[in-house]
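What the coordinates show
Here is what each chain is made of, one letter per residue.
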Amino acid sequence: MRFNGFQIIKQGLTGNRGWQVHWRDPAPKDEYDIIVIGGGGHGLATAHYLSSVHGLTNVAVLEKGYLGGGNVGRNTTIVRANYMLPGNSEFYSHSLKLWEGLEEDLNYNVMHSQRGIINLFHNDGQRDAFARRGNAMVNQGDDAILLDTAGVREVLPYLNYDQTRFPIYGGLYHKRGGTARHDAVAWGFARAASGRGVDLIQNCEVTGVDIEAGKVAGVQTTRGAIKAKKIGMVVAGRSSQLAEMAGFRLPIESHVLQAFVTEGLKPCIDHVITYGMGHFYISQSDKGGLVFGGDLDMYSSYASRGNLPLVEHVAEAAVTLMPMISKAKMLRSWGGIMDMTPDGSFIMDKTHIEGLYVNCGWCYGGFKATPASGHCFAHLMATDTPHPAAEKHRLDRFVTGRHIMDEETTGAQHNLH
Ligand SMILES: Cc1cc2nc3c(=O)[nH]c(=O)nc-3n(C[C@H](O)[C@H](O)[C@H](O)COP(=O)(O)OP(=O)(O)OC[C@H]3O[C@@H](n4cnc5c(N)ncnc54)[C@H](O)[C@@H]3O)c2cc1C
């Protein structure tokens with residue numbers, strides 16, 4: 001079933017009884033050509049592009065819980081292409097272009113809203129850094145405008161400009177940046193892949209990886225053994241555990257990142273804003289809730305909830321930047337498990353085991369990468385060659401030290417990213 005205006009009118013006039021389920025619920029087969037482990041955004045996007053671009057449909061996505069129950073449904077939905085370093089710059093540029101055509105590609109409303117992102121800066125050093133980043137973005141073919149204080153005040157009049165410890169010197173404005181509805185992204189990719197014949201298997205946890213003579217043979221799962229010629233691991237915060245099942249270690253630490261939402265308010269914040277002097281960023285969802293977050297909880301954990309000191313820290317930064325927020329009631333907070341790499345950039349590569357591929361290390365920024373991650377990983381798995389947009393994201397950079405992409409210039413310590 002395709003979604004369009006005619007369907008909405010037809011279903012509306014016939015009691016909405018004709019809508020079909022979004023995806024099938026098949027039992028696992030004994031064998032597939034390709035198994036994708038992880039039914040998050042990236043796993044589902046991989047399945048979509050394997051089937052749509054490469055015509056590969058004897059594919060299963062194995063998800064231990066329900067589709068979209070991981071980080072793809074827990075993030076703060078920011079989509080942008082404002083990375084600076086070669087490797088990241090072209091990849092996120094590729095991703096934003098895919099976002100811009102995604103709703104047509106999937107025939108699904110993912111509520112992609114290019115409302116613009118403004119990264120605020122508060123001293124001369126930060127201004128220089130953002131000017132440099134903006135130039136890199138423009139050179140890459142993306143958009144960036146450097147605003148001074150008056151320019152920011154015109155767009156964001158409600159910030160605290162006058163009585164603040166950290167005056168706002170200006171902001172880097174990325175107009176094509178914005179947000180998307182996270183669940184809808186997972187559902188749209190799932191529906192498209194399932195429609196082409198990919199099996200999406202929920203409640204199916206992978207508990208072991210079968211390897212014979214240096215080559216993958218299949219997986220052990222809570223729903224039995226399944227054979228496969230190729231296996232892609234796309235499990236975000238659980239990547240180290242999956243790698244351990246296959247007998248190797250990844251340069252990944254798992255950390256908690258929290259997010260918060262207030263009660264629904266009338267529209268008051270129509271951009272995404274990041275605070276340069278505190279760990280705080282914010283946007284307003286289409287339901288009206290102010291969605292915001294800060295930094296990692298700063299210790300390794302697999303718990304998908306966070307701790308109160310970080311809540312206090314984020315709330316302090318929020319009130320410093322925009323005192324008006326102190327009147328909003330916080331509705332809920334939650335956490336997700338981040339797969340942090342030493343250089344803060346992702347890994348997409350083959351492994352030393354034939355037929356086993358890894359896609360991980362998205363840190364706190366993988367939502368915006370979802371379409372390009374799936375697109376490039378499907379390319380790698382289908383053709384055994386890296387996609388040009390992701391060819392620098394090799395696993396061996398952490399062994400050789402060459403081609404490290406330390407985007408945040410925080411050095412090789414996971415919890416500083
Ligand atoms: C609070 C928060 C805010 C964030 N904000 C942003 C943002 O604004 N912008 C942005 O770009 N990024 C953001 N991110 C990061 C982004 O959400 C992640 O980088 C991205 O979603 C990770 O990829 P994924 O969607 O495939 O992960 P997930 O949705 O976590 O998918 C991995 C899946 O693998 C499954 N799995 C794990 N182990 C197994 C197993 N053994 N067998 C079977 N299945 C398994 C899990 O159940 C899960 O469903 C944020 C993250 C959090 C937590």
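Residues numbered from 1 in each chain as written. Predicted model: local features only at pLDDT ≥ 70, side-chain atom pairs only at ≥ 80, totals over all residues.

1. Considering the overall build of the protein chain
- Each helix and strand counted, the protein chain has 11 helices and 18 strands in total.
- Taken over the C-alpha trace, the protein chain has a radius of gyration of 21 Å; the compact-globule value for 417 residues is 22 Å, and the two agree within 12%.
- Projected onto its principal axes, the C-alpha coordinates of the protein chain cover approximately 65 × 65 × 40 Å.
- Here the protein chain, with 417 residues, has 49% of them falling under the buried criterion. (Helix = DSSP H or I, 4+ residues; strand = E, 2+ residues; numbered from the N terminus. Rg over C-alpha atoms; globule rule 2.2 N^0.38 Å. Buried ≥ 20, exposed ≤ 12 C-beta atoms within 10 Å, placed from the backbone.)

2. Topic: the pairing of strand S17 (residues 347–350)
- When S17 meets strand S18 (residues 356–360), the two strands line up antiparallel, connected through four bridges. When the bridges of S18 are listed, Lys350 appears paired with Tyr357.
- Here S17 hands over to S18 after five residues, with Gly355 in that stretch at a positive phi of 90 degrees. (Pairing = 2+ DSSP bridges.)

3. So, the domain arrangement of the protein chain
- Taken domain by domain, the protein chain holds domain 1 (26–81 + 84–106 + 182–251 + 343–416) and domain 2 (117–176 + 254–340).
- Taking the mean C-alpha position of each, domain 1 and domain 2 sit 28 Å from one another.
- Each side of the interface is counted separately: domain 1 has 23 residues, and domain 2 has 25 residues.
- Taken together, the elements giving at least two residues each to the side of domain 1 that touches domain 2 come down to helix H3 (88–100) and helix H8 (239–245).
- Ranked by residues supplied to the side of domain 1 that touches domain 2, first place goes to H3 with four residues.
- Looking at side-chain class alone, the side of domain 1 that touches domain 2 contains nine nonpolar, 11 polar and three charged residues. (Domains from an automatic or database assignment. Contact = placed C-beta atoms within 7 Å. Nonpolar A, V, L, I, M, F, W, Y, C, P; charged D, E, K, R; others polar.)

4. Digging into helix H5 (residues 124–140)
- Helix length check: H5, at 17 residues, gives a terminal C-alpha distance of 24 Å against a target of 24 Å (1.5 Å per residue), a fit within 8%.
- Looking only at H5, the buried set comprises Phe130, Arg133, Gly134, Met137 and Gln140. Buried positions in H5, seen along its axis, are confined to an arc of 120 degrees and lie on one side of it. Away from the buried face of H5 by more than 90 degrees, exposed residues Asp124, Gly125, Asp128, Arg132, Val138 and Asn139 are located.
- Of the surrounding secondary structure, the elements contacted by the buried residues of H5 are H3, strand S4 (117–121), strand S5 (145–148) and strand S6 (170–174). (Expected span 1.5 Å × (residues − 1). Arc of directions from axis to C-beta.)

5. Points about the sheet that holds strand S15 (residues 289–300)
- The eight strands are arranged S5-S6-S4-S13-S14-S15-S12-S16 in an open sheet whose pairing can be described as mixed. If you trace the sheet from one side to the other, it starts and ends with S5 and strand S16 (330–340), each paired once. Put simply, the sheet's adjacent strands are angled 20 degrees from each other on average, direction ignored.
- Relative to S15, strand S14 (residues 281–284) is paired through four bridges, and the arrangement is antiparallel. By the bridge assignment, Gln284 is partnered in S15 with Leu290.
- Helix-sheet contacts for H5 involve S4, S5 and S6, and the interaxial angle to S6 is about 15 degrees.
- Along the sheet, helix H9 (residues 308–321) contacts strand S12 (253–264), S15 and S16; its crossing angle with S15, the most-contacted strand, is approximately 135 degrees. (Axes fitted to C-alpha atoms, helices over the stretch in contact; angles between N-to-C directions.)

6. Considering helix H10 (residues 370–383)
- Look at H10: 20 Å from first C-alpha to last across 14 residues, which is about the 20 Å you get at 1.5 Å a residue.
- Within H10, 12 of the 14 residues are buried, which leaves it mostly tucked inside the rest of the structure.
- Looking one or two places after H10, you find Asp384, whose phi comes out positive at around 65 degrees.

7. Thoughts on the nonpolar core
- With 118 residues, the main nonpolar core has Ile35 and Ile37 as its most contacted residues.
- Top contributing element to this core by residue count: helix H7 (residues 182–195), with seven residues.
- Per-domain counts for this core show at least three residues from each of domain 1 (26–81 + 84–106 + 182–251 + 343–416) and domain 2 (117–176 + 254–340).
- Contact partners of Ile37, with chain neighbours within four places excluded, come to Leu62, Val206, Ile231, Gly232, Met233, Val234, Val235 and Leu242. (Core = buried A, V, L, I, M, F, W, Y, C linked by C-beta atoms within 7 Å.)

8. Points about unusual backbone geometry
- Its identity is not glycine, yet Asn107 carries a phi of approximately 50 degrees, on the positive side.
- Secondary-structure assignment places Asn107 in the loop between helix H4 (102–106) and S4.
- Its 14 C-beta neighbours within 10 Å are what place Asn107 among the partly exposed residues.
- A positive phi angle is found at Met298, which is not glycine, with a value near 75 degrees.
- Secondary-structure assignment places Met298 in strand S15.
- Overall, the presence of 14 C-beta atoms within 10 Å leaves Met298 in the partly exposed class.

9. Some points on the site of the ligand
- Residues in contact with the ligand amount to 38 residues; listed here are only the nearest, Gly38, Gly40, Gly70, Gly336 and Gly366.
- Contributing elements (two or more residues each) for the shell around the ligand: helix H2 (41–52) and S12.
- In the shell around the ligand, the residues fall into 14 nonpolar, 18 polar and six charged.
- Each of domain 1 (26–81 + 84–106 + 182–251 + 343–416) and domain 2 (117–176 + 254–340) gives at least three residues to the shell around the ligand. (Near = placed C-beta within 6 Å.)

10. Considering the packing of H3 against H10
- Between H3 and H10, the shortest axis-to-axis distance is 7 Å and the interhelical angle comes to 105 degrees. By the angle between their directions, the pair H3 and H10 is classed as roughly perpendicular. Listed contacts from H10 to Phe91, His94, Ser95, Leu98 and Trp99 of H3 are Pro371, Ala372 and His375.
- Split by residue class, the contact of H3 with H10 holds five nonpolar, three polar and no charged. (Parallel < 35°, antiparallel > 145°, perpendicular 65-115°, else oblique.)

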